[in-house]
Structure formats: C-alpha cells, structure tokens
Amino acid sequence: MKCSLSFLCLLSFAPFFGKAQQAELNAAEIRQGLASLNVTGSVLYIAAHPDDENTRLLAYLAKEKKVRTGYLSLTRGDGGQNLIGTEQGELLGLIRTQELLAARRMDGAEQFFTRANDFGFSKNSAESFKIWDKEKILSDVVWIIRRFQPDVIITRFPEDARAGHGHHAASAILAREAFTAAADPKRFPEQLKQVKVWQAKRIVWNTFNFGSTNTTADDQLKLDVGVFNPLLGKGYGEIAAESRSNHKSQGFGAAKQRGTSIEFFSPISGQTAQTDLFEGVNLNLDRNKGTEKAQQLLNEINADYDSSDPSKSINALLQLKEEVKNIPFKHQQLDELILACAGIWIETTVPEPSYAINDVIPVTVNAISRVRKYFPLTISLEDLNSKQTSELIPDRMVSQNLKIEARQLGLTQPYWLEKKHPIGSYIIDSLANLGLPEAPAPHAGVFRVLFGNHYIDVVRPLVYKHTDPVKGELYQPLVVAPPVTATLAEHSIVFTNNLPQTITVQLKSFKAQSKGMLQPAVPSGWKVSPEKVDFDLQQKGEEQNIEFTVTPAGQLSEGLFSLSLKIEGETYQKGLKVIGYDHIPVQTLFPIAEARVERVDLKFAGKKIGYIAGAGDLIPEALTQIGYQVTRLNEKQIINGDLSGYDAIITGVRLYNINEQIALMQPKLISYVKNGGVLLVQYNVNAPLKITDLGPYPFQLSRDRVTEEDAKVTFLSPKHPALNFPNQITTKDFDGWIQERGLYFATGVDSHYTPILRMNDTGENASDGSLLVTDYGKGKFVYTSLSFFRELPAGVPGAYRLFVNLISKNTAP
C-alpha cells in the first residue's frame, strides 16, 4: 500500500515543549519507546532544590518502569553558592534551572517548579512558610499535581529536623497537604476552570542514609533500582551519575555506580503498598476503556519491530494513533516515535542570533526524510501560504523560507523574571506558565506531517545554528530584544561620603539605525549630568558607552538610578545580561535598567589590594567601585612574586576548598602576614578542605551559621581596631543585610585569635566564630564567615564599613 506524506506549515503559535533542537532516537531507543507505550501511570517526586532529587530512582522509574515521571523542585536553587562563576541569586537560579533540564534529558523525567524563591538556608519549615507564603506555594503544588495527575507521589525528605534544611522539611509538608488538597474541590477552586481534581493512590517518603542520619529500616518497602538496561547499555546507577553531574554550579560531579542499589520507602498517606510502589495501580492500557484493539496493535508492533529498518513499523503506528486518538495515551511520545521511524528531521533556523522586537525575522525551514529508498512513501513539503508542494526525496534536504514579525513573539525573557518580586516568591500572572521550567520558546508555527489521512503536529523552536571550529555545530535559542538596551555594570553603586561618581552606561543596538534619547533619573535632591543624551547607533550590534556624573545631595542617602530609552515614540527600560557556559544553552535576559545607589560615610586606610579568586564572588568589583586598586593574583604570582606592595590580600570564597595549589601558596601568604601584610580569608565550607591550617594558629570550621539576616549582633571586643579603625562600627552597621549573617563559622579557636562578634538565630546558642582577628608578626590575619560576598554587591553600607576596617592595617583609633 502506498501513502503520501506532506508537511503543512501552519503559521500559528502553539506551545513549545522545551527542546532546543529535535532529539534523534537510535533503533534501540525507538525499541525502548515502543515498549513504554504499553505502560500507563505516572509518579511525581517532590523536593526543595536542584540536586535534591534522587536521579537513580527517577531514571529507574522513567526508563525501567516506563511510567511518566516528574520532579517538582519547589525552588530554582537561587540562594546557593556558585562554584563556576560569580552569578548569585536569580541569575544562579537561571543556571540551575538549565542544569536541571540537562539532568532530566539524561534520566528521562520531566521538570517542574513552584513560584518559591530560594532565599537562602532556612533552619525550620516555619521560617520558610512565613517568607514564602505557605498557602501560595501550596496552591502551586496542587496545581502541578492536578495537571500532571500522578498515581504516586514521592517525597525526598521528612517533615522534621532530620531533613537538614527548612526548605527540605517544608517540601515534605507541602507534598502531604497537597496530596489531600488536590482532590478537594473546595481547595483552590479557581484552578478547576482549567484542571480537574486529582487523587493520587498514595504518597510515600523515599527514606535515606546520609552521613550520620539513617532513616531506612528493614520493614520499609524496598526497590532495587541498580538494574542494567541492555537496550541503553547502562545501569541506572550509571545514568544517575550522568544526570547528577550536570549540577556543575554546585560541583556535584558523580562517579558511575554499577550493581544492586536498594531504595527504601515509608508510607505517608493513601493506600499503603506492601511490595510495589504501584501496588493497586493498573499500569496497563486496559486501565482505560476501549483499548483492546490498541493493545493488540501494540503487541504486534513490538513483536514485529525491525531494528535494522524501523520504518517498517510506521503503518501500524499510524493505525495505533487513530485507535487511541480519543483516549488517554502517551500521544506526544507516539508522535515522536513515528517521526523517528521515518527518519524525519525538521528544524527552523534564523540567520542571526538576535533580532529587535520591531524587526521582521527571516526563517529557514529545513526538512528531510531518511527512510530507505525502496520504502513506498511519497513525501512532500507543502507551504500553506503558497500552496506549492515540493517532493521530499529520501535523504535530500528541502528548504522553505518564511518571515515572522518579532513583535508576535515578544521579548525572549525567562517568564519568572519579568517582574520585580519580593524575597519569598516570583510573580507569575499566567497559570499556563506556572510550573514550567522555562519560558515557552519562540517558534515559526506548527508543522503538520501528513501520512495519508493521518497527521502529526510538530513544533520546533526558532534557533540560531552555527559551526564553531573547535566545538562543531552549535545551537542557540533565538533572542528577541528591545531595539537598544542600556546596561549598568553593577546592581548597586556606593558613593563615599558626598563625592560625585561617574556611572557608565553601555548601550547596545539590536537593530541598525537606532536613534533615540537616553535619560537618567536619580533620587530626589541628587544631581546628574548630563540630564539626557542623544544617541545614533548605525550598525546592529554596535555598542556605545555613555558616562553620567552623579552627585549625592539632599536628605536622601539611598534610592535608584534608573534609565529610560526613547526610540521612535516608544519607551524602553531594559538592560542586557548574557550568561554563557558550555554545559547549558546561552541565557539572555533583559533586567530593568536601574541600580541601587547608596551614600556611605566611609574612611580608608590603604588602597592596594591583591585578590585571589576562589569559587567566584564579586568582591573585587565592589572594592574597585569605592576606590581601591585591586589586582587579581594567580598561583604563580603568589608563589614566586613579591607581595610586599599590597596593603592587604583577600582570598575569594571557598578558595581552600577548590584550589589545588593552596598548599604551596599558604606558606607565602603567612609569610606575607608575618612581614607586615593583612590577609583576609573569606568563608570556606568545612569539608573537603585542601589543607586544614587556614591561618597562622589553628581553628576548625563547623556547619554553624546564622540565617536570620537581622539577627542581633553583640560586640565581644568593642575597643578592637576591627570595630574602630578607620570607621567607627555600631550595631546600625548590621541593618539592611540580606539573606544571612554568615555561614560555616569557626570553632575550636586557638587563644591567639580575638573573636569580634557574637550572634545567633532565634532559639539557638550563640556563636563567636563569625569573625576572628589576630596579630601575627608585623601583620594581621582575619578569618571571616560573614557573608560579605552577598552584602557588598548588594550595596549594604555597614558591610562596606566593616570590610574596609578588616583590610586596614592595625592602627590605634
């Protein structure tokens, strides 16, 4: 029998399913997919952060049990530390979102999020719920359950202190409450206009044995997830390691594990399972009525599958598609398998990586079918607008050209970052986006692949494809930008006393011949010159730096410096931020063009600073902004160079955790102190450390921290120079700190050190280990666990004043 195949390009804008380009399935993966069509059922794993998920279990459920598997991370990991760069906060959350998506591509699960912001370490769930607004985040979890419809829900953590983090415990509480609320039509009834109530069969806790905490027990439900999948050529311990190793910003590269691996589960609510997670859940097609014929077809498809020529299965798969069109089924997966069997590749590319919102974008559609030449299919590509049809001869690429107005696509911005948000959660107006890992990608429309009377709708994102001489073929997401962006280098700008400061704004054009006016705004009473600047950017991609002199004046000591661009009668207020790492797609966003400005009463002693980079922070930029001369030092300069010309040397966060050369550098640094220098060591985690002696005298690092950013601070040595020279420090200098006071405080401190501060979270014992100072020889050594790496980039005045004191040589006030 001969059938015809054609592509109808429908220029509408359907949802994008999150892939930068089309996945190509090999014959073994097609076989794996065909087998999974026999399986219904779904499972949702719930935890708090990127990396909390059990990747081995997810891979086992998705690829061995073949159920639809999802991971709901309450947050995007915004509040953690970054081991690969200087991004913090929501920018780090953007990186970790992409790392999670890469992990899911490895283990086969789907990814979801709530609106919750990772505001930093939390010691209990009550604090987390207060900051997040518990009811709001609970509604998000209910929404995702109602949309995903899991038969089984699994939590990673318990609800108590054994969870080890307030967010962890909160995720377990929300999962349990959402298990019930999702089935209650009285809870969040506004959702029921788009989804139905849903009752999962059970919710269980995936117990664990981490460090000294063992929550597993012999009487718990057990599951061996370490089995080997011969079609994939890997065991699930190997797939899990590949998945987890995508968490590069956290330094979570994992070794592959092979062989038996037992997971344990404890019941929380719903029907208790005795021997299997899906006990009492029908995972077969006959779960739904009218599937007898579909099951028969599937049995024949799997029995007759020829790995040397998957296209032999196409006709039967098309019959199956017709049979299941009106019943619940893995419809999207079925479509992908049919396309894979036909060797069909469709992509939509643009000739440049970015376009302005008022551009018309040229698009090239490339399509090819790679069935065997003897396969009896007539393949054609039909342009819906012109009605012209081109035959797609096997193994010959056919191209089609389109044009799309960029304004139809809108700015390509991560949807959760479109609006300013409070500390607890992002502002998301659309339920359609809520829960999605990333903003829907711009695309050229739905491509309809017709096989006789059957058709498959295919969506492909618009991408920029290019070839790197080293890396080969690369894809980037299309960027739709404002015509011109105005970017400030810093999120906060500190003014010392009433001295004027020059602020540089970088304009970048995304469209040729962009003319307009740039106008700044400053806090009431402050002065800015010039008051406006005309610009004329002739070339696309052209950049121009414009300088404004801002002078603090009047009564206001802080406020916003903001920018407006007026172009062809429209006003734009966007900057530009591009994040590029090899392991994730390029991320482009357009933050509001503004920066916090702060007038600080600040005195200095010393100007030349050496800085040794650790895991990544913005301390050098913050110090340069207030007038220090900062030199970034590498290992060779430390070991072989002369350090005597520096007034102080600062080590970046976690230097002693990551730098393989620190054992060789440390004697030189201590000698520098002995000869009269100042060495300030920022926080390190307690393990692993490359060396254990971080200072001239011994101390250890604990996991103690103070997470309440407004926790009371007591001065233990009020007359110490650290609190008096060159700036007089008072308790008001600890107002306005963000996220936390400090982390990984020192303990077991030698008596040569002077502890400067005492602090604690509510209801906990006080700690004296946040700031240690000692004289050594002619110089001074400082170890601080205070979160200066967060406070200085945020422009916290008191943090600047204290930090300047710490890097100043001891002089009596």
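Residues numbered from 1 in each chain as written. Predicted model: local features only at pLDDT ≥ 70, side-chain atom pairs only at ≥ 80, totals over all residues. Heavy atoms only, no water.

Caption draft 1: Region of the structure containing helix 2 (residues 55-64). With nine of 10 residues buried, helix 2 is to be regarded as a mostly interior element. Among all positions in helix 2, only Thr55, Arg56, Leu57, Leu58, Ala59, Tyr60, Leu61, Ala62 and Lys63 are buried. Positive backbone phi, at 65°, marks Lys66, one or two positions downstream of helix 2. (Buried < 20%, exposed > 50% of the residue type's maximum accessible area, 1.4 Å probe, protein only. Helix = DSSP H or I, 4+ residues; strand = E, 2+ residues; numbered from the N terminus.)

Caption draft 2: Looking closely at helix 3 (residues 90-107). Look at helix 3: 25 Å from first C-alpha to last across 18 residues, which is about the 26 Å you get at 1.5 Å a residue. Most of helix 3 is tucked away: 15 of the 18 residues are buried. Directly beyond the C-terminal end of helix 3, a positive phi value near 90° is found at Gly108. (Expected span 1.5 Å × (residues − 1).)

Caption draft 3: Spatial organisation of the sheet that holds strand 46 (residues 771-776). Overall, mixed pairing links the seven strands, which are arranged 36-35-37-38-47-46-44 in an open sheet. Only two strands of the sheet have a single neighbouring strand rather than two, namely strand 36 (629-632) and strand 44 (754-755). In the sheet, strand 38 (residues 678-681) pairs with strand 47 (residues 779-784) via four bridges, with the strands oriented parallel. When the bridges of strand 47 are listed, Leu679 appears paired with Phe781. (Pairing = 2+ DSSP bridges.)

Caption draft 4: The arrangement of the packing of aromatic side chains in detail. Inspection of the entire model under this criterion finds 23 aromatic pairs. Relative to Tyr753, the ring of Tyr697 lies with its centre 6.0 Å away and its plane at 85°, an arrangement referred to as edge-to-face. Of the two residues, Tyr697 is situated in the loop between strand 38 and strand 39 (700-701) and Tyr753 in the loop between strand 43 (746-747) and strand 44; the sequence distance between them amounts to 56 residues. Tyr753 matches Tyr697 in its accessibility class, with the two residues each being buried. Put simply, the rings of Tyr697, Phe699, Tyr753, Tyr776, Phe781 and Tyr783 pair up and form one aromatic cluster. For Arg76, the ring lying beneath its charged end belongs to Trp416, and the centroid distance is 3.4 Å. (Phe/Tyr/Trp six-rings, centres within 6.5 Å; stacked < 30°, edge-to-face > 60°. Lys NZ or Arg CZ within 6 Å of the ring centre and 35° of its normal.)

Caption draft 5: Just the sheet that holds strand 12 (residues 262-270), in detail. Spatial strand order, 4-3-2-5-6-12-9: seven strands in an open sheet with mixed pairing. Across the chains shown, the open sheet's two edge strands, defined by having one partner strand only, are strand 4 (110-113) and strand 9 (221-224). Pairwise comparison of adjacent strand axes, ignoring direction, gives a mean angle of 30° for this sheet. Where strand 5 (residues 152-155) lies against strand 6 (residues 202-207), four bridges are found, and the strand directions are parallel. Across the sheet, the residue bridging to Thr155 is Trp205, located in strand 6. The sheet strands contacting helix 3 are strand 3 (68-73) and strand 4, and the helix crosses strand 4 at an angle near 155°. Here helix 5 (residues 134-148) sits on the sheet in contact with strand 2 (42-47), strand 3, strand 4 and strand 5, set at roughly 165° to strand 2. (Axes fitted to C-alpha atoms, helices over the stretch in contact; angles between N-to-C directions. Contact = heavy atoms within 4.5 Å.)

Caption draft 6: Structural view of the nonpolar core. Ranked by internal contacts, the top residues of the largest apolar core, which has 71 residues, are Leu320, Leu507, Leu518 and Phe561. If you tally residues by element for this core, the top one is helix 10 (residues 331-341), at five residues. When near neighbours in sequence (up to four residues on either side) are disregarded, Leu518 contacts Ala486, Val505, Leu507, Lys532, Val533, Phe535, Ile546, Phe548, Leu563, Ser564 and Leu565. (Core = buried A, V, L, I, M, F, W, Y, C linked by side-chain atoms within 4.5 Å.)

Caption draft 7: Representation of the side chain of Asn657 within the structure. Position of Asn657 relative to the elements: it lies in helix 14 (residues 655-658). Judged by relative accessible area, Asn657 falls into the buried class, the value being 8%. Among the polar contacts made by the side chain of Asn657, one reaches the main-chain amide nitrogen of Val685 at a distance of 2.9 Å. Setting aside its immediate chain neighbours within four residues, Asn657 contacts Asn684, Val685, Pro688, Leu689 and Lys690. (Polar contact = N/O pair within 3.5 Å; in protein donor to acceptor, adjacent residues only side chain to side chain.)

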